[in-house]
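# Geometric and topological summary
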Amino acid sequence: MYTQALNTAEADDRGLEDAARAAQFQARIDAEERIEPNDWMPAAYRKTLTRQISQHAHSEIVGMLPEGNWITRAPTLRRKAALLAKVQDECGHGLYLYAAAETLGTSREELVDAMLAGKAKYSSIFNYPTLTWADIGTIGWLVDGAAIMNQIPLCRCSYGPYARAMIRVCKEESFHQRQGYEIMLTLCRGSDEQKAMAQDALNRWWWPVLMMFGPPDATSQHSDTSTKWKIKRFSNDELRQKFVDATVPQAQYLGLTIPDPGMTQDADGHWRYSEIDWTEFKQVLAGNGPCNRDRMAARRKAHEEGTWVREAAAAYAAKRAHRQTAQAAE
Amino acid sequence: MPVANIQVSETPMVLYTLRRADDALILGHRLSEWCGHAPMLEEDMALSNIALDLIGQARELYTYAAAVEGKDNDEDKLAYLRDVRQYRNLLLVEQPNGDFAQTLVRQFFYSAFADLYWRAMMTSRDATLAAIAAKSEKESAYHLRHASEWIIRLGDGTDESHVRAQTAIDHLWAFTGEMFAVDDGECALIHAGIAIDPGTLRGRWLTTLSDVISEATLELPQNDWMQQGGRAGRHSEHLGHLLSELQSMQRTFPGLTW
């Protein structure tokens, strides 16, 4: 989901690891044991997880921007408080996930620097703009809905700190999803203008949300190792299909039309969607989505303008430590 | 088309409650502008948290103001359908965020007052205001601690942070006097034991400021000219822009349920 550009070519490094330890490690994974920070692990496992967890963290932080765009314009005080609390939750997820990634030995600063330098990815979905209030409902309903679909299996991920982080994150995401759906329900029960706003948002977000699950299985190169290590338990297409099957009845209840005229329901009850425009997906990943430049610019601006504050905090902490040491020596 | 401003019957009690509600909403809104853009994630969280507390206080106070007024206004009409001349907040809270130092100094000046104010208001003869005060006092105490710690860090941090903090203090100082001013309507409420006299808090407020500011190696300004007008709807130019953003949905799509 939030790690759709994951590249695990480093998995080949495994050959360099001690074979016996690797076998023992795999046996623990197969026995559904959790791997903890101080346990031995193959270098490629560490690298894959560091990348996945940090990409997930970056996504939470960049994901604050499209929704944050509406905090100051939320239509009622109740909506304003709920949206602010929601975006604050996303920030908390980011912090929590950076902490989980740090247990693998890379500092938050290094991870953030990689993101700001454009070397680390975040989810493609956050490169689309929030143009109307209905986008806030749609993001909660669909983007958080898709995130939950992906993250529920991650609660059983083999790496303990990540799995535990996901349990808490999923609880909050579930609340966000219901909150988003409730915004949509209110719009769809409202005026014609509000309903049109809801439909327009669904039209714009539907396909980018399906892309969140990553490339189709036929072209996905990295699932094998992640599956073997029990980081990933379902394929991209499996999760995407689960999401579509869960979402279509929700859209019907709202009275909204999924913007896919070719969609059909097969005999098993699955909703079969039309071909996804993977060219658009690749363009967004390559930095050419509608908001890639804005998102990166906003994160870099916050980071750069905050430099003097972080420096001040560090300088004060150092002075204070120095004074305490001096006092203790007296 | 029902886009016009609402009219509020500003009896002393309605006006008194509305003024505190406007303080909380406008400051909460300002802090919420930082969400996603703060110097560190911990401060994204903290500033959003404080904003949420303040917006929560505003909602309770608006709801109470509407109940006291007894017409068909409610929290959203009071927040979204009054224009700049009808807003009653302190000039201090509408000042732009500026840099992080300006935001934190603004918060420090306000929270140092709010902490004392809400604690004193817990003894109000008005049961609703006393209950809101009991909740707000706990929140304000935390806001003050957060702001104080930052004033000290910035003042006693680097040369740059020291200059920025002192500049913010000098810039915002003239907006602090309004917190202690009362008009005739408020005097009557003070007399009735519903409101407290903010003038009685000024000594302790100054002590809090002096303690923190001297630990921060900063200085309080000597000038005593104080800018006023917010309580009577004479605002700075900044508030109109804030309201045009805050109210844009209700003004564009009047009378709908969201």
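Residues numbered from 1 in each chain as written. Chains lettered and ligands numbered in written order. Predicted model: local features only at pLDDT ≥ 70, side-chain atom pairs only at ≥ 80, totals over all residues. Heavy atoms only, no water.

Our focus in this paragraph is the domain arrangement of chain A. Residues and elements named next belong to chain A. Splitting chain A by domain gives domain 1 (19-277) and domain 2 (290-329). Distance from the C-alpha centre of domain 1 to the C-alpha centre of domain 2: 30 Å. Taking both partners together, domain 1 and domain 2 bury about 1,100 Å²; carbon and sulfur atoms supply 67% of that area. Broken down residue by residue, the surface that domain 1 buries against domain 2 is led by Leu 65, Leu 116 and Asn 127, which jointly contribute 51%. Where domain 1 touches domain 2, the interface holds zero salt bridges. Connecting domain 1 to domain 2 are four residue pairs in polar contact (both at pLDDT 80 or more). Looking at the side of domain 1 that touches domain 2, the elements with two or more residues in it are α2 (43-62), α3 (64-68) and α5 (108-116). Among the elements that take part in the side of domain 1 that touches domain 2, α5 stands out by supplying four residues, more than any other. Considered class by class, the residues forming the side of domain 1 that touches domain 2 number twelve nonpolar, two polar and one charged. (Domains from an automatic or database assignment. Buried area = accessible area lost by both parts, 1.4 Å probe. Salt bridge = Lys/Arg side-chain N within 4 Å of Asp/Glu carboxyl O. Polar contact = N/O pair within 3.5 Å; in protein donor to acceptor, adjacent residues only side chain to side chain. Helix = DSSP H or I, 4+ residues; strand = E, 2+ residues; numbered from the N terminus. Nonpolar A, V, L, I, M, F, W, Y, C, P; charged D, E, K, R; others polar.)

The next subject is the state of the cysteines. All names here are of chain A. Within this structure, the stated rule accounts for zero disulfides over all chains. Lacking any disulfide linkage, Cys 155 is separated from the closest cysteine sulfur, that of Cys 170, by 3.9 Å. By relative accessible area, Cys 155 is classed as buried at 18%. Cys 157 forms no disulfide, and the closest cysteine sulfur to it belongs to Cys 155, at a distance of 9.7 Å. Residue classification places Cys 157 among the buried residues on the basis of a relative accessible area of 0%. (Disulfide = S-S within 2.5 Å. Buried < 20%, exposed > 50% of the residue type's maximum accessible area, 1.4 Å probe, protein only.)

Here we take up the packing of helix α1 (residues 12-32) of chain B against helix α10 (residues 238-246) of chain B. Residue and element names in this part refer to chain B. α10 packs onto α1 with a crossing angle of 80° between their chain directions and a minimal axis gap of 12 Å. Taken together, the axes of α1 and α10 are roughly perpendicular relative to one another. Here α1 contributes Leu 25, Ile 26, His 29 and Arg 30 to the contact with α10, which in turn contributes His 238, Leu 239, Leu 242, Leu 243 and Leu 246. When its residues are assigned to classes, the contact of α1 with α10 shows six nonpolar, two polar and one charged. (Axes fitted to C-alpha atoms, helices over the stretch in contact; angles between N-to-C directions. Parallel < 35°, antiparallel > 145°, perpendicular 65-115°, else oblique. Contact = heavy atoms within 4.5 Å.)

Residue and element names in this part refer to chain A. When the terminal C-alpha atoms of helix α6 (residues 133-154) are compared, their 31 Å separation across 22 residues agrees well with the 32 Å that a helix rising 1.5 Å per residue should span. Maximum bend of α6: about 35°, positioned at Ile 139. Counting buried positions along α6 gives 21 out of 22 residues, so the element sits mostly inside the fold. (Expected span 1.5 Å × (residues − 1). Bend = angle between axes of the 7 residues up to and from the residue.)

Residue and element names in this part refer to chain A. Look at helix α1 (residues 19-30): 16 Å from first C-alpha to last across twelve residues, which is about the 16 Å you get at 1.5 Å a residue. Listed as buried for α1 are Phe 25, Gln 26 and Ile 29. Each buried residue of α1 sits inside an arc of 95° when the element is viewed along its axis, so together they form one side. Exposed and oriented more than 90 degrees from the buried face of α1 are Ala 20 and Gln 24. The positive-phi residue at the C-terminal boundary of α1 is Glu 32, with phi of around 65°. (Arc of directions from axis to C-beta.)

Attention shifts here to the interface of chain A and chain B. Tallying the contact residues gives 45 residues for chain A and 48 residues for chain B. Across the chain A to chain B interface the summed buried area is about 4,000 Å²; carbon plus sulfur atoms make up 69%. Taken together, the connections running from chain A to chain B amount to three salt bridges. For the side of chain A that touches chain B, the secondary structure elements donating two or more residues are α3, α4 (77-102), α7 (160-188), α8 (192-211), α12 (292-305) and α13 (307-329) of chain A. Of all the elements, α4(A) adds the most residues to the side of chain A that touches chain B, at 13 residues.

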